[in-house]
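Okay, here's what each chain looks like letter by letter:
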Amino acid sequence: MGYGPPPGYGPPPGYGGAAPYDPSAPFGRHPLTGEAYSDKQKLTAGLLQILLGGVGAGRWYLGNTGIALAQLFTCGGLGVWALIDGVMMLTGNVRDRHGRPLRD
């Protein structure tokens, strides 16, 4: 005999299956704010910005063409702006072009 719940009872709350799929947030939601996550990743954006920040690669990836063009014409603020921007992307302080937080 198994040791499951008594007959006629369902599983305890929180022990069901996977959470229901939310089509308005296909990459999940931020646990504290409930905002839908972006389809872009922090690590990809940050590394692109640190390694290729002179041409604004991280900002091109995120869809921020205005800032990307500014970084392209200033060589990433002579590298300083690109490095700081890359670190900010890795720490999650930059959002995508739709204002959504980047996912891990």
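Data block above holds the structure.
In this text, all values refer to a predicted model and were calculated from it rather than measured experimentally.

A word on the overall build of the protein chain. Along the backbone of the protein chain there are five helices and zero strands. Element order for the protein chain, N to C, with α for helix and β for strand: α-α-α-α-α. Put simply, of all contacts in the protein chain between residues at least 6 apart along the chain, 51% involve residues at least 24 apart. Taken as a whole, the protein chain presents about 7,000 Å² of accessible surface, with 66% of it coming from carbon and sulfur.

The next subject is the pattern of salt bridges. Applying the stated criterion to the full structure yields six salt bridges. Where arginine 100 meets aspartate 39, a salt bridge forms, and the shortest distance between an N and an O atom there is 3.6 Å. Residue arginine 100 is found in the segment after helix 5 (80–91), and its partner aspartate 39 is found in the segment before helix 1 (42–52); the two are separated by 61 residues along the sequence. Among the charged side chains, a salt-bridge network with shared partners connects Asp39, Asp96 and Arg100.

Below, the discussion takes up the environment of arginine 100. Taking relative accessible area as the criterion, arginine 100 reaches 27% and is therefore assigned partly exposed. In this structure the C-alpha to C-alpha distance between arginine 100 and lysine 40, which are 60 residues apart in sequence, comes to 9.3 Å. Other than its neighbours up to four places away in sequence, arginine 100 contacts Ala36, Tyr37, Ser38, Asp39 and Arg95.

Our next topic: the nonpolar core. Taken as a class, soluble globular proteins show a tendency for nonpolar side chains to be buried jointly. If you look at the biggest cluster of nonpolar residues, it comprises five residues: Ala45, Leu62, Met89, Val94 and Leu102. Not counting chain neighbours up to four residues away, the residues in contact with valine 94 comprise Arg59, Leu62, Asp85, Met88, Met89 and Leu102.

Quick look at the side chain of glutamine 71 now. Here glutamine 71 lies in helix 3 (residues 65–73). In this structure the side chain of glutamine 71 is engaged in a polar contact, spanning 3.0 Å, whose partner is the side chain of aspartate 85.

Our next topic: helix 1. Residues of helix 1 that are buried: Lys42, Ala45, Gly46 and Gln49. Seen from one end, helix 1 has its buried residues packed into an arc of 95 degrees, which puts them on one side. Among the exposed residues of helix 1, those pointing more than 90 degrees away from its buried face are Leu43 and Leu51.

Here we come to the side chain of aspartate 96. Mapped onto the fold, aspartate 96 is located in the segment after helix 5. Here the side chain of aspartate 96 touches histidine 98 through a polar contact of 3.1 Å, landing on its backbone nitrogen. Beyond its immediate chain neighbours, meaning those up to four positions away, aspartate 96 contacts Ser38, Asp39, Leu62, Asn64 and Leu102.

Let's shift gears to the packing of helix 1 against helix 5. Orientation of helix 1 relative to helix 5, taken along the N-to-C sense of each, is 170 degrees, at an axis distance of 8 Å. Considering their axes alone, helix 1 and helix 5 lie roughly antiparallel with respect to each other. Along its contact with helix 1, which presents Lys42, Leu43, Ala45, Gly46, Leu47, Gln49 and Ile50, the element helix 5 presents Ala82, Leu83, Asp85, Gly86, Val87, Met89 and Leu90. A per-class count over the contact of helix 1 with helix 5 returns nine nonpolar, three polar and two charged.

How each quantity is defined
- Residues numbered from 1 in each chain as written.
- Predicted model: local features only at pLDDT ≥ 70, side-chain atom pairs only at ≥ 80, totals over all residues.
- Heavy atoms only, no water.
- Helix = DSSP H or I, 4+ residues; strand = E, 2+ residues; numbered from the N terminus.
- Contact = heavy atoms within 4.5 Å.
- Areas by Shrake-Rupley, 256 points an atom, 1.4 Å probe, with all protein chains shown as cover.
- Salt bridge = Lys/Arg side-chain N within 4 Å of Asp/Glu carboxyl O.
- Buried < 20%, exposed > 50% of the residue type's maximum accessible area, 1.4 Å probe, protein only.
- Core = buried A, V, L, I, M, F, W, Y, C linked by side-chain atoms within 4.5 Å.
- Polar contact = N/O pair within 3.5 Å; in protein donor to acceptor, adjacent residues only side chain to side chain.
- Arc of directions from axis to C-beta.
- Axes fitted to C-alpha atoms, helices over the stretch in contact; angles between N-to-C directions.
- Parallel < 35°, antiparallel > 145°, perpendicular 65-115°, else oblique.
- Nonpolar A, V, L, I, M, F, W, Y, C, P; charged D, E, K, R; others polar.

It is worth stressing that arrangement in space is one thing and function is another; only the former is reported here.
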